[in-house]
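# Summary of structural features
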Amino acid sequence: MTARGQPTPSPQDRDCFRSAENPGIAERVAEIKAALPLSDAIARIAGIRLEPSGSGVKACCPFHRESTPSFFVDDSTGRYKCFGSGCGVSGDVLQFIREWYSADFAEALRLATELAYLPQPQMGRNQVSGSAVADRAAWRSVIQNKSNMNPSLRPAAEFLRPVPENIALPRPGRRFTIDDPVRQRTIQMVPTHVHEYRSVDGSLLCVVLRSNARDGRKFFIQAGWNDKSGNPGWSLVRFPRDVARPVYGLFDFPDWASRGGGGILLVDGEKTRDAAASLLPHQRTGVLSISAMGGGAAVRLADWSSLKVAFQNFQRDHQSPIDFLIWPDADKPATGRNGIAIDRQLRFALDAAGSVANSLQKVGYLFRASQILPPTGVPGGWDLADALGQGWTTKVALSHLERFRVPLIGFDDKVRTPSQSEFGMRIDSELHSLRQEDSSDHAVSS
Ligand SMILES: [Zn+2]
């Protein structure tokens, strides 16, 4: 990169735009830039915090050491530039990725596509959601992204007071009364489903009640135990922004662990998790089924530190990786800004994998994340509860898990099924290099 700047685009990139072998590349670049703000991409890739400055944002330059920010990003033009003496890096999102990862144009395009949650072009393996195969660079950025996300979330157990042992629990089909302390009213409802959120030690943190409104639409209420007012009782729970939500299904963790553990299956929503646990009982399959409160969009807000704590107390071989299987609902792509399709299944999977990676790497566990694809031809929103209703058996569900999993940690096309030890070494070295980068980052900022 030259200090004089203005490499828009480089000659090689121009050739690439014009190449007859790559029709639509310019359109793809435009799509990426419309869907992925440059400051967001740089914050996620480099793991830096950018502060407002004039019409754009600024930060200490990720490419040279400095204590006063001279690296400027303008989202309106989609360009960055460092004014530090002797540095002078500048460019667009693809230039940044090429520089950061020493990637070629094709790699940068693939990673930028992944970061923008756009489907990868010309990939036949996963027709539903484009390619879910993230390469090493994408994986690294996912981990860094999540590592920087919501660093101040408090564990759910600090916010929720456990429900006393001898209290009657709400039951499906029975009238239930909840106090709403904020609006100073009482809510009466007849839940169709009651989901108990218990921590690993079995204590009841809260319940999620599902019911149907008059217009037929389902709604959810979170109820916990309130004894602060001197008038103890069930009370509506509103989670503050800085509190993580408990993970559903962890009450099975001790029994699952005592049997030697196995894979962890994350699905979208409590009802689907109960169906998963019914189809794939952990006692027989070694699969622990869990879900995040609030469904897909809230997977980042889940209290993954509780999974970390569970694993800390789980005497298990650290060298064999844990299979983390993420099975999103069969949601069709959403239409984002500027009419661009967003692969919601892949987004859910990456959010979940990144969040859990962030928790488990801290306790030294290796794990491999995979996205499970839905059967072809199912309607939008199809999930394991539907599968249960369609007569799926444990055998069918297990077979589907084996056959329709796409690794979220990239291997090149020739290495589809690496041995466990080979896998473990690769991820181990990846995490090791991440830790080293973390510590060198601290050295720069101090
Ligand atoms: Zn610089």
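Residues numbered from 1 in each chain as written. Predicted model: local features only at pLDDT ≥ 70, side-chain atom pairs only at ≥ 80, totals over all residues.

### Structural notes on the environment of Trp234
Position of Trp234 relative to the elements: it lies in strand E11 (residues 233-236). Looking at Trp234, the number of C-beta atoms within 10 Å reads 22, which means it is buried. In this structure the C-alpha to C-alpha distance between Trp234 and Gln222, which are twelve residues apart in sequence, comes to 9.9 Å. Excluding anything up to four places from it in sequence, Trp234 contacts Ile178, Asp179, Ala223 and Trp225. (Helix = DSSP H or I, 4+ residues; strand = E, 2+ residues; numbered from the N terminus. Buried ≥ 20, exposed ≤ 12 C-beta atoms within 10 Å, placed from the backbone. Contact = placed C-beta atoms within 7 Å.)

### Overview of helix H2 (residues 25-35)
Taken together, the buried positions of H2 are Val29, Glu31, Ile32, Lys33 and Ala35. The inward-facing, buried residues of H2 abut helix H4 (93-101) and helix H5 (105-115).

### Things to note about unusual backbone geometry
Despite not being glycine, Gln184 has its phi angle at roughly 50°, a positive value. Here Gln184 shows up in the loop between strand E6 (176-180) and strand E7 (185-189). Exposure remark for Gln184: the 7 C-beta atoms within 10 Å place this residue in the exposed category.

### Some points on the nonpolar core
Ile42, Val93, Ala112, Leu265, Phe324, Ile326 and Ala353 are the most contacted members of the largest nonpolar core, which has 103 residues in total. In this structure Ile42 touches Ile48, Leu50, Val73, Tyr80 and Phe96, once residues within four positions along its chain are discounted. (Core = buried A, V, L, I, M, F, W, Y, C linked by C-beta atoms within 7 Å.)

### Quick word on the sheet that holds strand E14 (residues 287-292)
The sheet built from six strands is open, its strands ordered E12-E14-E13-E15-E18-E19 with mixed pairing. The two strands at the open ends of the sheet, each matched to only one other strand, are strand E12 (247-248) and strand E19 (405-407). Where E12 meets E14, two bridges bridge the pair, whose relative direction is antiparallel. Across the sheet, residue Tyr248 finds its bridge partner in E14, namely Ser291. (Pairing = 2+ DSSP bridges.)

### Remarks on the sheet that holds strand E3 (residues 71-74)
Read across the open sheet, the five strands follow the order E1-E2-E3-E4-E5; overall the sheet is antiparallel. Two strands bound the open sheet, and with one partner strand each, they are strand E1 (51-53) and strand E5 (90-91). Note: strand E2 (residues 56-59) against E3, three bridges, orientation antiparallel. Bridge assignment links Val57 to a residue of E3, and that residue is Val73. The sheet contacts of helix H3 (residues 38-46) involve E2, E3 and strand E4 (79-82), and relative to E3 the element is tilted by about 135°. (Axes fitted to C-alpha atoms, helices over the stretch in contact; angles between N-to-C directions.)

### A closer look at the pairing of E3
Of the pairings in the sheet, the one linking E3 to E4 comprises four bridges and is antiparallel in character. Pairing of Asp74 across the sheet is with Arg79, part of E4. Hairpin connection from E3 to E4: four residues lie between these consecutive antiparallel strands, with Gly78 at a positive phi of about 70°.

### As for H5
Burial runs high along H5: nine of the eleven residues are buried. Residue Tyr117 follows H5 closely and has a positive phi angle near 55°.

### A word on the environment of Arg300
Looking at the element boundaries, Arg300 is found in the loop between E14 and helix H11 (304-312). The spacing of Arg300 and Asp351 is 51 residues in sequence and 6.2 Å in space, taken between C-alpha atoms.

### Considering the packing of H4 against H5
Look at H4 against H5: their axes get within 9 Å of each other, and the N-to-C directions meet at 115°. Comparing their axes, H5 and H4 come out roughly perpendicular. Classified by chirality, the crossing of H5 by H4 is right-handed. Of the residues in H5, those in contact with Val93, Leu94, Ile97 and Arg98 of H4 are Phe105, Ala108, Leu109, Leu111 and Ala112. Among the residues making up the contact of H4 with H5, the classes are represented as eight nonpolar, no polar and one charged. (Parallel < 35°, antiparallel > 145°, perpendicular 65-115°, else oblique. Left-handed = near helix turned anticlockwise from the far one by under 90°. Nonpolar A, V, L, I, M, F, W, Y, C, P; charged D, E, K, R; others polar.)

### Quick word on the pairing of strand E15 (residues 322-327)
With five of six residues buried, E15 is to be regarded as a mostly interior element. One ladder, built from four bridges, connects strand E13 (residues 263-267) with E15; its direction is parallel. Each bridged residue has a counterpart across the sheet, and for Ile264 the counterpart in E15 is Phe324. Where E15 meets strand E18 (residues 367-372), five bridges bridge the pair, whose relative direction is parallel. Each residue of the ladder has a partner; that of Asp323, found in E18, is Arg368.

### With respect to the confidence of the model for the protein chain
Within the protein chain, residue pLDDT values average 75, and 72% of them lie at 70 or more. Helix H9 (residues 270-279) holds the highest mean pLDDT among the elements of the protein chain, 96, whereas helix H15 (residues 420-445) holds the lowest, 37. Here residues 1-23 is a poorly scored stretch, pLDDT under 50, and it has 19 contacts once near neighbours within four places are set aside; other chains count. Across residues 410-446, where pLDDT falls below 50, the model places 26 contacts with residues more than four positions away in sequence or in other chains. (pLDDT = per-residue confidence, 0-100.)

### A few points about the environment of Ala387
Position of Ala387 relative to the elements: it lies in helix H13 (residues 384-389). Separated by 112 residues in sequence, Ala387 and Ala275 have C-alpha atoms that sit 8.4 Å apart. Beyond its immediate sequence surroundings of up to four residues, Ala387 is in contact with Leu279, Trp392 and Ala397.

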